[in-house]
Amino acid sequence: MKKILLLAITALYIGGIANAQLPGELDLLFGGTGKYYFPYGDSSISNGVVIQGNNKVVFSGAMLNPGSGYDVVVGRLIDGVLDFSFGPTGAGYCYDSYIGTDEHEAVVAIAPDGRLVTSSWDQVGTPTGHAIFEFKSFTDNGILEGTGNIDLGVNSSDIAQDLAFNQTDAHWAQVGFSYINYPDTNQVVMSVVYWRPIGPGLGPETGFDGDGRKWIFLQPYKYYYATATVIQPDGKILVAGYGLQGPSPAYNSAVVVVRLNTDGSFDSSFGGGAGWVQYDLVPGFTGLKTIHDMALQPDGKIVLAGSIDNTTRDFLVVRLEPDGDLDPAFGSAGVGMVSIDFIVQGESTEDNGRAVGIGKWGHVYVGGYNGDFELACLEPNGLLSTSFGINGKTTTNMGGDDHVHALAIDSLERIVLAGDISISAICLARYNGQISVATRELATPVALQVYPNPLVQREFCLEMELPEDQEAQLRLINMEGQLVSVLDDTRWPAGAQRRCYRLPIYLPSGIYALQLKSLRYTGVVTMIVE
């Protein structure tokens, strides 16, 4: 009788778990609801998110502290719960104020040696509102190591927006835009600082344009904003953003991408020899087009994400060939771009595209907001993926006027969006991502064997065989379908293996499901804890 009961419960668990893992749905293993809310500071905003080993989520942003203004904050989550091994006080987060009264738009990147580095901008000195580029470096466990800043010009006000690392030599780029005759705001140019590796020799790389910093002057627009950067495997620096002329009589704007060599010169193999491209995308169209993020595909193609104002504001996604030409294979119109309109209750919404990432199988994930979190998934050809969410899109109400500013994808193809509620509280959400483009197959079942079963001493061993190496989690789930514990979250080698575990002593007696989950394989076995 006990064996029949176990088989019946196993079948129920397998069905329930399969149904709960649909692409585009919130991942309920992330904090129990798929959502996380940062409870500290009078006000907080997240502008960055990255994934560390074992799929730990690190977010960055700014937090308002009474008396000190907005400070840079970084925190780490394990499945939607603060990781108390992170930070100097074991709080799961840390913050630091530097020089000025307000630090803004702190994004985060992982250096090749595992350090966490944030880029932000700070208001300092005179005239009022004068800003400089700023950065902070932390150990991989959130201990502050150092801070630094740079002023790009005597009369400039410099707004940092993004950073990226060369994964080979650890040089890194910090980009943004500068009002070059501040407080006059009538000329805005793209700004780049190229830094030597974090460490004793840190400083601007003088081999880059003479002093490690560069203003990029382009034509014909009056204002040029750099909002994203990526360093290619060959070391060349991609800088993306937009140019505009406006607002009177109407916004005239273009998507802009620049590629620089490591000496700061324009790359002549890009943009027909100019080293930069700009596209108005819709000739004669005077609506505003903006770019806020960029991702590099393994084949060297460049994906840009932002917004386009038509009758309403929609997500804008553009893909370029490695030489800067628009990719005609992207999207249905053969023009290298797509716009995405989220329609709620039959009405178009003001959709602000803010972040982009490339999945394992070439899917393009685009995050943004319309008062709620929004996430879209495109197939590699640029068409909305009908197997993701509802017709390729999903929307999540986080509890207020919600904004998305950053996106990251973990090794299990789960998408993390980071942002804020009403510019007052950091919040994140994690979604189940896509499966293989080629087959759309369900995960292949793997047989799990547990002994002893029932458990008397709260100790057991697991035996199984995997056809190939996989990043996988071993999860303990109770009869209500709730996650009780993640027992293992590592890379599992191919072949037969045996691992032993001890369950928490406080775990109530009862029947539990032990689930192995990876991108390609899944297994479930029930066990009785006495």
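Keep in mind the model is a prediction, meaning the values are calculated, not measured.

Participant: For this particular structure, what's the right way to read the overall build of the chain?
Facilitator: Helices and strands together make up the secondary structure of the chain, namely 1 helix and 39 strands. Within the chain, buried positions represent 56% of all 530 residues. Look at the contacts in the chain between residues 6 or more apart in sequence, and 54% of them connect residues 24 or more apart. With an accessible surface of roughly 21000 Å², the chain has 54% of that area assigned to carbon and sulfur atoms.

Participant: Just to check I follow, could you spell out unusual backbone geometry for this structure?
Facilitator: For residues that are not glycine, phi is negative in most cases, and the peptide bond is trans in most cases. With an omega dihedral of -5°, the bond running from Tyr451 to Pro452 counts as a cis peptide bond. Tracing the backbone through its elements, the reader meets Pro452 in the loop between strand S33 (449–451) and strand S34 (459–466). Here Asn453 and Pro454 are connected by a cis peptide whose omega angle stands at 15°. In the Ramachandran plot, Asp79 falls in the positive-phi region, its phi being about 50° despite a non-glycine side chain. As for its placement among the helices and strands, Asp79 is situated in the loop between strand S4 (69–78) and strand S5 (81–82). Positive phi, close to 55°, is recorded for Asn391, a residue that is not glycine. Structurally, Asn391 can be placed in the loop between strand S27 (373–378) and strand S28 (393–396).

Participant: Can you walk me through the nonpolar core in this structure?
Facilitator: Leu163, Phe165, Trp172 and Tyr225 are the most contacted members of the largest nonpolar core, which totals 27 residues. Mapped by element, the contributors of at least two residues to this core are strand S7 (102–110), strand S8 (116–123), strand S9 (131–138), strand S11 (157–165), strand S12 (172–181), strand S13 (184–195), strand S15 (223–231) and strand S16 (237–245). Sorting elements by how many residues they give to this core places S11 first, with 4 residues. Residue contacts for Phe165: discarding those within four places in its chain leaves Ala109, Ile110, Ala111, Pro112, Val117, Ala170, His171, Trp172, Ile198 and Ile231.

Participant: Would you take a moment to explain the environment of Lys222 for this structure?
Facilitator: Its place among the elements puts Lys222 in the loop between strand S14 (213–216) and S15. It is 5.4 Å that separates the C-alpha atoms of Lys222 and Gln245, two residues lying 23 residues apart in sequence. Those residues in contact with Lys222 that lie beyond four places of it in its chain are Asn186, Gln187, Val188, Leu244 and Gln245.

Participant: What is the right way to look at the sheet that holds S34 in this model?
Facilitator: The pairing of strands in a sheet comes from backbone hydrogen bonds and takes either a parallel or an antiparallel form. Across the sheet, 3 strands lie side by side as S33-S34-S37; this open sheet has antiparallel pairing. Pairing within the sheet leaves two strands with one partner each, and these edge strands are S33 and strand S37 (495–502). Each strand axis lies, on average, 20° off the axis of its neighbour in the sheet, ignoring direction. Here 3 bridges tie S33 to S34, and the two strands are oriented antiparallel to one another.

Participant: Hey, could you run me through the environment of Lys289 in this one?
Facilitator: For Lys289, the position within the fold is in strand S19 (residues 289–296). By relative accessible area, Lys289 is classed as buried at 0%. Measuring from C-alpha to C-alpha, the distance between Lys289 and Asn252 comes to 8.3 Å, with 37 residues separating the pair along the chain. When neighbours within four sequence positions are excluded, Lys289 is seen to be in contact with Tyr242, Ser253, Ala254, Asp280, Leu281, Ser307, Ile308 and Leu316. From its side chain, Lys289 meets the backbone oxygen of Asp280 in a polar contact 3.3 Å long.

Participant: Explain the pairing of S4 here, please?
Facilitator: With 8 of its 10 residues buried, S4 lies for the most part within the structure. Relative to S4, strand S3 (residues 57–65) runs antiparallel, the two sharing 9 bridges. Among the inter-strand pairings, Ser60 is bridged to a residue of S4, identified as Val74. Pairing analysis gives 4 bridges linking S4 to strand S6 (residues 93–96), with the strands arranged antiparallel. Following the sheet pairing, Val73 is matched in S6 by Tyr95. Where S4 lies against S5, 2 bridges are found, and the strand directions are antiparallel. The residue bridging Ile78 from the neighbouring strand is Val81, located in S5. Where S4 folds back on S5, the antiparallel hairpin that results is connected by 2 residues, among which Asp79 adopts a positive phi of roughly 50°.

Participant: Explain the state of the cysteines to me, please; I cannot follow it from the model alone.
Facilitator: Covalent bonding between the sulfur atoms of two cysteines defines a disulfide. Across all of its chains, the model carries 1 disulfide by this definition. There is a disulfide in this structure between Cys461 and Cys500, and the S-S distance comes to 2.0 Å. As the torsion about the S-S bond is roughly 95°, the Cys461-Cys500 disulfide counts as right-handed. You can see Cys461 sitting in strand S34 and its partner Cys500 sitting in strand S37, a full 39 residues away along the chain. Using a relative accessible area of 11% as the deciding quantity, one classes Cys461 as buried.

About the criteria used
- Residues numbered from 1 in each chain as written.
- Predicted model: local features only at pLDDT ≥ 70, side-chain atom pairs only at ≥ 80, totals over all residues.
- Heavy atoms only, no water.
- Helix = DSSP H or I, 4+ residues; strand = E, 2+ residues; numbered from the N terminus.
- Buried < 20%, exposed > 50% of the residue type's maximum accessible area, 1.4 Å probe, protein only.
- Contact = heavy atoms within 4.5 Å.
- Areas by Shrake-Rupley, 256 points an atom, 1.4 Å probe, with all protein chains shown as cover.
- Core = buried A, V, L, I, M, F, W, Y, C linked by side-chain atoms within 4.5 Å.
- Pairing = 2+ DSSP bridges.
- Axes fitted to C-alpha atoms, helices over the stretch in contact; angles between N-to-C directions.
- Polar contact = N/O pair within 3.5 Å; in protein donor to acceptor, adjacent residues only side chain to side chain.
- Disulfide = S-S within 2.5 Å.

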